Amino acid sequence: MTVKECYEKIGGDYEGVVNRLMTDERISRFAGMFLDDDSYRKLVDAMGEGDYDLAFRMAHTMKGVTQNLSFEALYQPVNEITEALRDTHRDAELAESLLPAVTKQYEITVAGIRELIG
């Protein structure tokens, strides 16, 4: 699978990431590093424990990483859950309802990256 095919499969913006990271080799390396990031697991755990401050920090971290890697299909639900968890207008019920969409797209993204890097 090529990097471009991977981005098509996961709903990413290949052109956007190429503009930022320049080469497919670099994109593959950073995408592979995403697999080691534990923000998603910590987000899920924090949500399960009702620790919305930690959940916000983990969602915000994921938001930045997914935006930098142009994982658009994952960025969208992560952005929504980040905003739902923002302290100034926290809506825990909304955040809970958004978590399944984050999980679904996270799993699609991870599967695509694993296929890319083998």
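Residues numbered from 1 in each chain as written. Predicted model: local features only at pLDDT ≥ 70, side-chain atom pairs only at ≥ 80, totals over all residues. Heavy atoms only, no water.

**Describing the packing of helix H2 (residues 14-21) against helix H3 (residues 24-34)**
Line of reasoning, step 1. Where H2 contacts H3, the axes come no closer than 9 Å and their chain directions differ by 100°. It follows from the interaxial angle that H2 and H3 lie roughly perpendicular. Every residue of H3 that contacts H2 at Tyr14, Val17, Val18 and Leu21 is listed here: Asp24, Arg26, Ile27 and Phe30.
Line of reasoning, step 2. The residue inventory of the contact of H2 with H3, partitioned by class, reads six nonpolar, no polar and two charged. (Axes fitted to C-alpha atoms, helices over the stretch in contact; angles between N-to-C directions. Helix = DSSP H or I, 4+ residues; strand = E, 2+ residues; numbered from the N terminus. Parallel < 35°, antiparallel > 145°, perpendicular 65-115°, else oblique. Contact = heavy atoms within 4.5 Å. Nonpolar A, V, L, I, M, F, W, Y, C, P; charged D, E, K, R; others polar.)

**Side note on the packing of H3 against helix H7 (residues 92-117)**
Line of reasoning, step 1. Between H3 and H7, whose axes approach to 10 Å, the crossing angle comes to 130°. The pairing of H3 with H7 is recorded here as oblique in orientation. For the element pair H3 and H7, the recorded crossing hand is left-handed. Every residue of H7 that contacts H3 at Ser28, Ala31, Gly32 and Phe34 is listed here: Tyr106, Thr109, Val110, Ile113, Leu116 and Ile117.
Line of reasoning, step 2. Of the residues belonging to the contact of H3 with H7, the class tally is seven nonpolar, three polar and no charged. (Left-handed = near helix turned anticlockwise from the far one by under 90°.)

**Let's talk about the pattern of salt bridges**
Line of reasoning, step 1. For the structure shown, the criterion picks out eight salt bridges.
Line of reasoning, step 2. Of the charged contacts, one joins arginine 41 and aspartate 38 as a salt bridge, the two residues approaching to 3.5 Å between their closest N and O atoms.
Line of reasoning, step 3. A relative accessible area of 30% means that aspartate 38 is categorised as partly exposed.
Line of reasoning, step 4. One salt bridge connects glutamate 83 with lysine 63, and the closest N-O pair in it is separated by 3.6 Å. Residue glutamate 83 is found in helix H6 (residues 72-85), and its partner lysine 63 is found in helix H5 (residues 52-68); the two are separated by 20 residues along the sequence.
Line of reasoning, step 5. You can call glutamate 83 partly exposed: its relative accessible area is 28%.
Line of reasoning, step 6. Among the ionic contacts, a cluster of salt bridges with common partners joins Asp38, Arg41, Lys42 and Asp45. (Salt bridge = Lys/Arg side-chain N within 4 Å of Asp/Glu carboxyl O. Buried < 20%, exposed > 50% of the residue type's maximum accessible area, 1.4 Å probe, protein only.)

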